[in-house]
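# Working through the structure, step by step
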Amino acid sequence: MKILGLLGVFMFGIDTADVQEIEKRRRYNYGEVEVSGGTPVYQDLGRKGCFLKLTGFIAPLAGIGNAWSMKVLQIMADLQKPYLFVLGDGTEVGCYYIDEILETHSNLFSNGQARKIQFEISLKLAGSLYEVVNSDARQSYVEGNILTGGLKTIVEMDSNQLPTTKAFKGKL
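A short tour of the structure in this document, coming up. (Residues numbered from 1 in each chain as written. Predicted model: local features only at pLDDT ≥ 70, side-chain atom pairs only at ≥ 80, totals over all residues. Heavy atoms only, no water.)

### Side note on the sheet that holds strand S2 (residues 10-13)
An order of S2-S1-S5-S6-S7-S4-S3 is seen for the seven strands of this open sheet, with the pairing classed as antiparallel. At either end of the open sheet lies a strand with only one pairing partner, and these are S2 and strand S3 (18-33). Direction aside, the axes of adjacent strands within the sheet are offset by 30° on average. Pairing of strand S4 (residues 41-58) with strand S7 (residues 114-127) involves eight bridges; the strand directions are antiparallel. Across the sheet, residue Ile-58 finds its bridge partner in S7, namely Ile-117. Lying on the sheet, helix H1 (residues 68-78) is in contact with strand S1 (3-7), S2, S4, strand S5 (83-87), strand S6 (92-108) and S7; it crosses S6 at an angle near 135°. (Pairing = 2+ DSSP bridges. Helix = DSSP H or I, 4+ residues; strand = E, 2+ residues; numbered from the N terminus. Axes fitted to C-alpha atoms, helices over the stretch in contact; angles between N-to-C directions. Contact = heavy atoms within 4.5 Å.)

See below:
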């Protein structure tokens, strides 16, 4: 199975949910001061947030994903925890909350079952793994990573692009 990415313990791929597009959006915050007879002056107030949108589809009858994948993602969203998002090449993107899940069921059978389910999953940045784990304001638990007594388990990709885990002590 080729893995397109991991969100916590959920693997995006042809067998679960096929992601076609990843959109990253950064928002910035500026204060505006009116100047008499001139152009307003702007002051940088810092970054407002970083958001990801994963777009894809599931077509169970065609062998692309399964209907349970959306249910698993809904359960993860209901837990309201930040999840580490890692791309298929092993690049850590950061820890994200599942902010919104949009499903569109199309090409329905007479019993109402969809041949195709398109999805959009909106993610909101919680911080890097290090920030999330070491923050007093958040729980020191990231779904898909076991963090106890300094022992950390992270997801790494082996040469076949299959997920493996590696436990180590110390800071990331």
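### Describing the pairing of S2
Regular strands place their side chains on alternate faces of the sheet. When S1 meets S2, the two strands line up antiparallel, connected through four bridges. Across the sheet, residue Leu-7 finds its bridge partner in S2, namely Phe-10. With antiparallel pairing between neighbouring strands as the criterion, S1 and S2 make up a hairpin whose turn holds two residues, including Gly-8 at a positive phi of roughly 65°.

### Quick look at the environment of Glu-32
Inspection of the secondary structure puts Glu-32 in strand S3. Under the relative-accessibility criterion, Glu-32 is labelled partly exposed at 46%. Linking Glu-32 and Tyr-42, residues ten residues apart in sequence, is a C-alpha distance of 4.6 Å. Ignoring sequence-local partners within four residues, the contact set of Glu-32 consists of Pro-40, Val-41 and Tyr-42. (Buried < 20%, exposed > 50% of the residue type's maximum accessible area, 1.4 Å probe, protein only.)

### Topic: the nonpolar core
Leu-7, Phe-12, Leu-73, Ile-98, Phe-119, Ile-121 and Leu-123 are the most contacted members of the largest nonpolar core, which has 22 residues in total. Those elements that place two or more of their residues in this core are S2, S4, H1, S5, S6 and S7. Looking at which element gives the most residues to this core, the answer is S7, with five residues. Apart from residues no more than four positions distant in its own chain, Ile-98 is found in contact with Leu-7, Leu-73, Met-76, Ala-77, Tyr-83, Ile-121, Ser-122 and Leu-123. Ile-3, Cys-95, Ala-126 and Leu-129 belong to the second largest nonpolar core, which has seven residues in total. (Core = buried A, V, L, I, M, F, W, Y, C linked by side-chain atoms within 4.5 Å.)

### Thoughts on the environment of Thr-91
Within the fold, Thr-91 resides in the loop between S5 and S6. Taking the C-alpha atoms as reference points, Thr-91 and Gly-5, 86 residues apart in sequence, are found 9.2 Å from one another. Excluding residues within four positions of it along the chain, Thr-91 makes contact with Phe-85 and Val-86. Of note is the side chain of Thr-91, whose polar atom sits 2.8 Å from the side chain of Asp-89. (Polar contact = N/O pair within 3.5 Å; in protein donor to acceptor, adjacent residues only side chain to side chain.)

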